[in-house]
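Commentary on secondary and tertiary structure
Take a look at the letters that make up each chain.
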Amino acid sequence: MQFSLSPANLSAWSGSVLVVGVHEQDPQGLIGELETRLGLAIAPWLERQRFQGKGGELAKLQLLRPEISSLILVGLGAAASPQLPALRQAAANAAKACNAESGSVGVLLPWSEQPAQATAEALSVAEAIRLALYSDVRFRSKPDPRTLPERFELLGTLPADTASALERVGAICAGVELARELVAAPPNSVTPAALADSAATIAQAHGLELKVLERADCAKRGMGAYLAVSQGSDLDPKFIHLTYRPNGALRKRLVLVGKGLTFDSGGYNLKVGAAQIDMMKYDMGGSAAVIGAMRAIAELRPEGVEVHMLVASCENMVNGSAVHPGDIVTASNGTTIEINNTDAEGRLTLADALVYASELKPDAIVDLATLTGACVIALGEEIAGLWSDHDDLADGLRQAAEQAGEGLWRMPMQSSYREGLKSLLADLKNTGPRPGGSITAALFLREFVDREIPWAHMDIAGTVWSDKGRGLDPAGATGYGVRTLVNWICGGGAGANA
Ligand code: BES
Ligand code: MN
Ligand code: ZN
């Protein structure tokens, strides 16, 4: 799928589908222009369709003309409401209506008059189109035949440098799609070894460095918290360390950490009742986000930033060697942990990964994890939680998320709740009381980060999956986090704020 700028205006463009975005009340008078261009009474037809231009609303008309075969009008809502989310949603809906079309699609939207903003809009629209048209047929024996348009041409006035900016879209979307594929794949396909292979593929294709620590290597480093989680599984744990090094001078070193539980049964605190054990293949959503982001970063090659990706990958299973509820283990920084709940396993794997991250002496650490059901209760499925003691880092990530159209809300790091993690015997227990469960989880993680290093934690338990699909996301895995991370690292956010 290609994206390009077209110099043609409404009166000159020809191709297979013409998509036109209109605000409520059509302040630009686009419908009048279309009537002239096509010689058709569009306004009365729209009235019969009860099309009002509300956000994402669609009307499709088969023209069957050699120069334009169909017309899609898509609503943008009130002209005064924020542009970017409206454009993104309109582009995604229109793209879905182009499913089964071939050839080229012209997309005419009311781009901002401000050049940098107009370029950002064009990028978002291209991303929205490609991501909305994604479908996953890897596991069908006979996939339905499907055609898609080959080309999307952005019409209207856009700055010339938008064309080169559009070249980034392919890399970013390939990262999101990789993350979606890793999350959606079943747990008998995406294993810890498969995650390591996926990192190896990126390393080979783009010349990144890869180190995979085996169980014995992790034991040597004293990663007792991580290995305790993996010990009930027949599959070997894989601690994955992938590194992107830029050409030229180094300005920043960043570490991305992703929770990589390829299946979370809960362990002896087995997930029962409403806990949705059957969905726990997506408990590696954090690792998918950081692997997807690395794929994009490897291709975009940002200057001056070295990026390390860490995933302490394993399964949380039950067998005769599995951790008992009540076991006390020692993490690689010497902290002893009483495992009072084997289902709070993500934080145990992250603990050792965060100690390792701190040893790299980076300028910032960001972890992404499907960590708590409590975060889903607090923020729902469209917003991830963000915890950080560093305002600049938190703001940089929030801005990157906003630009990506990914929901992210800063949550409190309530230090007094650390009381809830006190153990009678060990330094800490891994689970506090149920109220505020996503906050105590963040406080637990903080114990393993060097306090000198700015660190942020994103709980993405709600956002990795969408049963029905939403926004640009078809039903299933969303690939949440990739675009936020890429914007943060490649869009100057990390450089400016980390
Ligand atoms: N992977 C789960 C969190 C989760 C829950 C992700 C729902 C997505 C949807 C995590 O390992 C977990 O089980 N957390 C427990 C923690 C509790 C035992 C303190 C939870 O949230 O119930
Ligand atoms: Mn769990
Ligand atoms: Zn989990």
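Just above sits the structure.
Rules used throughout
- Residues numbered from 1 in each chain as written.
- Chains lettered and ligands numbered in written order.
- Predicted model: local features only at pLDDT ≥ 70, side-chain atom pairs only at ≥ 80, totals over all residues.
- Heavy atoms only, no water.
- Donors = N, O, S within 2.8 Å, 3.2 Å for Na, K, Ca; no water.
- Tetrahedral: all angles 85-135°; square planar, octahedral: opposite > 155°, others 65-115°.
- Helix = DSSP H or I, 4+ residues; strand = E, 2+ residues; numbered from the N terminus.
- Near = heavy atom within 4 Å.
- Polar contact = N/O pair within 3.5 Å; in protein donor to acceptor, adjacent residues only side chain to side chain.
- Areas by Shrake-Rupley, 256 points an atom, 1.4 Å probe, with all protein chains shown as cover.
- 1 Å grid on protein atoms, 1.4 Å probe; cavity = no way out; pocket = protein on both sides within 12 Å on 5 of 7 lines; lining within 4 Å.
- Points joined across faces, edges and corners; volume = space filled by probe spheres on them.
- Nonpolar A, V, L, I, M, F, W, Y, C, P; charged D, E, K, R; others polar.
- Domains from an automatic or database assignment.
- Expected span 1.5 Å × (residues − 1).
- Buried < 20%, exposed > 50% of the residue type's maximum accessible area, 1.4 Å probe, protein only.
- Pairing = 2+ DSSP bridges.
- Axes fitted to C-alpha atoms, helices over the stretch in contact; angles between N-to-C directions.
- Contact = heavy atoms within 4.5 Å.

Description of the coordination of the manganese ion (ligand 2)
Taken together, Asp-264 (OD), Asp-343 (O), Asp-343 (OD) and Glu-345 (OE) make up the full set of protein donors to the manganese ion (ligand 2), lying 2.0 to 2.2 Å away. In this structure, the manganese ion (ligand 2) is surrounded by 6 donor atoms whose angles at the metal cover 72 to 167°, and the resulting shape is irregular. Between consecutive donor residues of the manganese ion (ligand 2), the sequence gaps follow D-x78-D-x1-E. Between the manganese ion (ligand 2) and the zinc ion (ligand 3) the interatomic distance comes to 3.2 Å, and Asp-264 is a ligand of both metals. Linking Asp-264 in strand S9 (residues 252-264) with Asp-343 in the loop between strand S12 (336-338) and helix H11 (346-359), this pair joins segments that are 79 residues apart in sequence.

A word on the site of ligand 1
Close to ligand 1 lie 16 residues, the nearest being Lys-271, Asp-283, Asp-343, Glu-345 and Gly-373. In this structure, an oxygen atom belonging to ligand 1 sits 2.8 Å away from a side-chain N or O atom of Glu-345. Backbone polar atom of Leu-371 to a nitrogen atom of ligand 1: 3.4 Å apart, as the coordinates give it. Taken by itself ligand 1 offers 510 Å² of open surface, and the protein chains cover 79% of this.

A short note on the layout of surface pockets
Unfilled space is identified by rolling a water-sized probe across the atoms. The volume enclosed by the largest pocket comes to roughly 1100 Å³. For the lining of the largest pocket, the secondary structure elements donating two or more residues are S9, helix H12 (373-379), helix H14 (437-446) and strand S18 (465-466). No other element matches the 4 residues that H12 contributes to the lining of the largest pocket. Here the residues of the lining of the largest pocket sort into 14 nonpolar, 12 polar and 10 charged. Elements with a contribution of two residues or more to the lining of the second largest pocket: helix H3 (83-97), helix H4 (115-132), helix H6 (167-184), helix H13 (391-404) and strand S15 (407-410). Per element, the largest residue contribution to the lining of the second largest pocket is 5 residues, and it comes from H13. Counted by class, the lining of the second largest pocket contains 12 nonpolar, 9 polar and 9 charged residues. Both of domain 1 (2-155) and domain 2 (175-497) provide at least three residues apiece to the lining of the second largest pocket.

Considering H4
Along its 18 residues, H4 runs 26 Å from first to last C-alpha, staying within 8% of the 26 Å computed at 1.5 Å per residue. Of all 18 residues making up H4, 14 are buried, and the element is well covered by its neighbours.

A look at the sheet that holds strand S10 (residues 305-316)
The sheet built from 8 strands is open, its strands ordered S7-S8-S10-S9-S13-S17-S14-S15 with mixed pairing. Because the sheet does not close on itself, it has two edges, and the strands there are strand S7 (209-213) and S15. Going from strand to strand, the sheet's axes swing by 20° on average, the running direction of each strand aside. Summarising the sheet, strand S14 (residues 383-388) and S15 pair through 4 bridges and their orientation is parallel. Note that in S15 the partner of Ile-383 across the bridge is Gly-407. The strands touched by helix H10 (residues 285-300) within the sheet are strand S8 (238-244), S9, S10 and strand S13 (364-369), with S9 carrying the most contacts at an inclination of about 140°. Packed onto the sheet, H11 meets S7, S8, S9, S10, S13 and strand S17 (455-459) and runs at close to 160° relative to S9.

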